[in-house]
Amino acid sequence: MIRFDSVSETCLMVHLADEIDLSLTPLIGRLVSQIQADFPHQLIEIVPSYTSILIHFHPDQISERLLRERISLCHSQWQDKPVSAVGKAIELPVYYHPDVGPDLIALAEAKGLSVEQVIARHSQQTYTVCAIGFAPGFAFLASVDEAIAMPRHAEPRLSLAPGSVGIADRQTAVYPAQSPGGWQIIGNCPKPLFNPEREPMTPFTVGDQVRFQPVDRSTFKSLGGEIWPHWK
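Here's what I pulled together on the structure shown here. (Residues numbered from 1 in each chain as written. Predicted model: local features only at pLDDT ≥ 70, side-chain atom pairs only at ≥ 80, totals over all residues. Heavy atoms only, no water.)

**Examining the side chain of Ser164**
The residue Ser164 is located in strand β9 (residues 164–168) in this model. One polar contact links the side chain of Ser164 to the main-chain carbonyl oxygen of Ala161, over a distance of 2.7 Å. (Helix = DSSP H or I, 4+ residues; strand = E, 2+ residues; numbered from the N terminus. Polar contact = N/O pair within 3.5 Å; in protein donor to acceptor, adjacent residues only side chain to side chain.)

If you want it as C-alpha cells, here you go:
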C-alpha cells in the first residue's frame, strides 16, 4: 500500500513497502523515470531507495498534492502488473587480490571456500541497483550469493581506497571515493564511478543490472588502478 509523508515544505517521501523486496525495484525505477519525465523542471532531486522515494521539489512550481495524485495514479496502474526492468547493463572490471582486498582471504576462510571460489561466486552473479546513497555514486547492489554473505565489520576502517569492492550481508558495492567504511573489502574496481563535471555524474540508476569482470594485476593498472599503500 503506497503511503506519503510530508518531510518538509519542499520534500515528499513516498513509501511503497515496509520490507525489502527486489521485485519492487523495477516499479520504483519506473516511477522515478515517469515522475522525472512528467516534471523535468519542477523537481530538484529524486532519491530512490529499496522501499521508498524521496522527492525534493520546487514548491513555487508544483504542489505536493499534484505530485501525490500523479504518483498514486501511476502506482495504481502498475502495482498489479509485472514491471520489466528498465535499467541498463553495466560491467565493471575488478581486481580481486589481497593487495587491494584486505578481507578476501579472511572471508574465504570464514566461509570454508577458496579465494578462487569467492571470486567466482561474486563475479558470476548479476546484481540489481536497488538504491544510491551514503556517498555520491555509491550504489547498493543486491543480492550477494548467500555462500559469501558477510556482515559489516564491528569497527569500520578509517579510510578505504577509491574503487574498493565490498560485501555487507547480502549487499555489495563499490566505494567511488576514498572514505571510511565497514564493508568486507575483497577487490578493487579501477573504473571511476563519480564525476561531478560529467553528465550523468554516475553511471548508476535504480534498476540497472551490474556484473563484475575479474581482471589481472596488469589490466587493473592499465585501467588506472592503484595499489593502496596502507589500510587504516
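**Here we look at the layout of surface pockets**
Of the volumes computed, that of the largest pocket is approximately 870 Å³. Contributing to the lining of the largest pocket are 28 residues, with Gln36, Ile46, Ile132, Phe204 and Thr205 lying nearest its centre. Elements that contribute at least two residues to the lining of the largest pocket include exactly α1 (25–38) and β3 (43–48). By residue number, the principal contributor to the lining of the largest pocket is β3, which donates six residues. By residue class, the composition of the lining of the largest pocket is 17 nonpolar, eight polar and three charged. Reported here for the second largest pocket is a volume of approximately 230 Å³. Along the walls of the second largest pocket sit 17 residues, with Pro162, Gly163, Asn188, Cys189 and Pro190 positioned nearest its centre. Of the residues that constitute the lining of the second largest pocket, the class distribution is 11 nonpolar, four polar and two charged. (1 Å grid on protein atoms, 1.4 Å probe; cavity = no way out; pocket = protein on both sides within 12 Å on 5 of 7 lines; lining within 4 Å. Points joined across faces, edges and corners; volume = space filled by probe spheres on them. Nonpolar A, V, L, I, M, F, W, Y, C, P; charged D, E, K, R; others polar.)

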